[in-house]
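Residue-level listing of the chains:
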Amino acid sequence: MSSNTTARTARRRTLRLAVAALTAAAGLTLTACSGSDAAGTKAASNADMSTVAAESSGTGSPAGAHGSDAQAGPGAKTDTKAEAKAGTAGSAGKQSGTGHTAGGGRAASPVRTQPLVDGSKAEIYKLGEQHYRAKIVSRGSVLATLETNQHDDGLDANDMFVVLTLGGEVHSWMGGGQTGPGTFKLAGGWTAKVTKLGELRYRAQILGHEGAVYATLETNQHDVGVDANGVYIVLSNGGIISAHE
């Protein structure tokens, strides 16, 4: 074999090895690229599945927010019903309160009714401890009202004198009036010293033995009275004084 032939054969072998090497390298590159693409696709797929799982379980913020809204909806409806019910109860309370006020405003029944010397009668009401009211009634009409409140009360009703005591007792008599100012002898050994203080305003000092002042009556646009140890005394706003045992 000549030297030229030997050189050509060597070159052919070298080319085949180069081609084989290139082919192998291309195969490896394709395999690597294919593996990388598959891994990336799998990772993306896993990431997508993780996102879906999170949304389904409600742990993600969109699902959590939606769940919160769903809970707030029925809660709001319940609160509305509760408010409506409370409003109805409030209205009933107001109606009940109004009924109670109306009931409290009605006049109580008198504890007793007592005839007076002129044919009228006194309806006596107890308002509290030592607190009484007496209505002077004639033919169904209330002519006058007396009321005790820590002191006796009295009335001159056209020469009929009436005293209402702290204990709710009523005493009436006719006549015996004396007009002040002046000093007058009264039933039971009392003496009254009547002075004028102003228009429809008089004062009467009730004097006992040796001139000691037992009580003082003073009118101020209305009559007054007192129970002086069983002697009943009335001083009118016109300065008339009368007493009765």
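Details of the structure are given in the entry above.
The sections below set out a description of the structure shown in this document.

Scoring rules and cut-offs
- Residues numbered from 1 in each chain as written.
- Predicted model: local features only at pLDDT ≥ 70, side-chain atom pairs only at ≥ 80, totals over all residues.
- Heavy atoms only, no water.
- Helix = DSSP H or I, 4+ residues; strand = E, 2+ residues; numbered from the N terminus.
- Buried < 20%, exposed > 50% of the residue type's maximum accessible area, 1.4 Å probe, protein only.
- Contact = heavy atoms within 4.5 Å.
- Pairing = 2+ DSSP bridges.
- Axes fitted to C-alpha atoms, helices over the stretch in contact; angles between N-to-C directions.
- Polar contact = N/O pair within 3.5 Å; in protein donor to acceptor, adjacent residues only side chain to side chain.
- Salt bridge = Lys/Arg side-chain N within 4 Å of Asp/Glu carboxyl O.
- Phe/Tyr/Trp six-rings, centres within 6.5 Å; stacked < 30°, edge-to-face > 60°.

Now for the overall build of the chain. Of regular secondary structure, the chain possesses two helices and 15 strands. Scored against the burial criterion, the 245 residues of the chain give a buried share of 25%. Across the chain, contacts joining residues at least 24 apart in sequence account for 32% of those joining residues at least 6 apart.

A word on unusual backbone geometry. Of note, the amide linkage connecting Gly180 to Pro181 takes the cis form, showing an omega dihedral of 5 degrees. Within the secondary structure, Pro181 sits in the loop between strand 8 (178–179) and strand 9 (182–185).

Once that is clear, we can look at the sheet that holds strand 12 (residues 213–218). Hydrogen bonds between backbone groups are what pair the strands of a sheet, and the pairing can be parallel or antiparallel. Read across the sheet, four strands follow the order 9-10-11-12 without closing on themselves; strand pairing throughout is antiparallel. The sheet terminates laterally at strand 9 and strand 12, the two strands that pair on one side only. On average, each strand axis in the sheet is tilted by 20 degrees relative to the strand beside it, whichever way the strands run. Of the strand pairs in this sheet, strand 11 (residues 201–207) and strand 12 are connected by five bridges, and their pairing is antiparallel. By the bridge assignment, Ala204 is partnered in strand 12 with Leu217.

Counting through the fold element by element, Gln178 comes out in strand 8. Placed 64 residues apart in sequence, Gln178 and Ser242 show a C-alpha to C-alpha distance of 6.4 Å. Those residues within four positions of Gln178 in sequence are excluded, and the remaining contacts are Phe184, Lys185, Leu186, Gly239, Ile240 and Ile241. A distance of 3.3 Å separates a polar atom in the side chain of Gln178 from the backbone oxygen of Lys185.

On to the pattern of salt bridges. Inspection of every chain in the model, using the stated rule, returns three salt bridges. With a shortest N-O distance of 2.8 Å, Glu218 and Arg201 are connected by a salt bridge. Here Glu218 is found in strand 12, whereas its partner Arg201 is found in strand 11, with 17 residues between them in sequence. For Arg201, a relative accessible area of 33% gives the class partly exposed. Between Arg203 and Glu218 there is a salt bridge, with the nearest N and O atoms lying 3.0 Å from each other. With Arg203 in strand 11 and Glu218 in strand 12, this pair connects stretches of sequence that are 15 residues apart. The exposure class of Glu218 is partly exposed, given its relative accessible area of 29%. Residues participating in the shared-partner salt-bridge network are Arg201, Arg203 and Glu218.

On to the pairing of strand 15 (residues 240–244), then. Here two bridges tie strand 8 to strand 15, and the two strands are oriented antiparallel to one another. Paired with Gln178 across the two strands is Ile241, which belongs to strand 15. Pairing between strand 14 (residues 231–235) and strand 15: four bridges, direction antiparallel. Within strand 15, the position partnered with Tyr232 by the bridge is His244. Between strand 14 and strand 15, which pair antiparallel one after the other, the connecting turn spans four residues, and Gly239 there sits at a positive phi close to 90 degrees.

Tallying each qualifying case throughout the model produces two aromatic pairs. Relative to Trp173, the ring of Phe161 lies with its centre 5.9 Å away and its plane at 20 degrees, an arrangement referred to as stacked. Taken together, the residues span a long stretch of sequence, with Phe161 in strand 6 (residues 160–164) and Trp173 in strand 7 (residues 170–174) at a distance of 12 residues. When its relative accessible area of 4% is taken as the criterion, Trp173 is described as buried. Judged by centre distance (4.8 Å) and plane angle (40 degrees), the ring pair of Trp190 and Tyr214 falls under tilted. Taken together, the residues Trp190 in the loop between strand 9 and strand 10 (191–198) and Tyr214 in strand 12 connect sequence positions 24 residues apart.

Right, let's talk about the sheet that holds strand 5 (residues 153–157) for a bit. Spatially, the three strands line up as an open sheet ordered 5-6-7, and their pairing is antiparallel. On the outer flanks of this sheet lie strand 5 and strand 7, each paired with one strand and no other. This sheet shows a mean twist of 15 degrees between the axes of neighbouring strands, independent of strand direction. Relative to strand 7, strand 6 runs antiparallel, the two sharing five bridges. If you follow Val162 over to strand 7, its bridge partner there is Ser172.

Geometric values such as these leave the question of function open.
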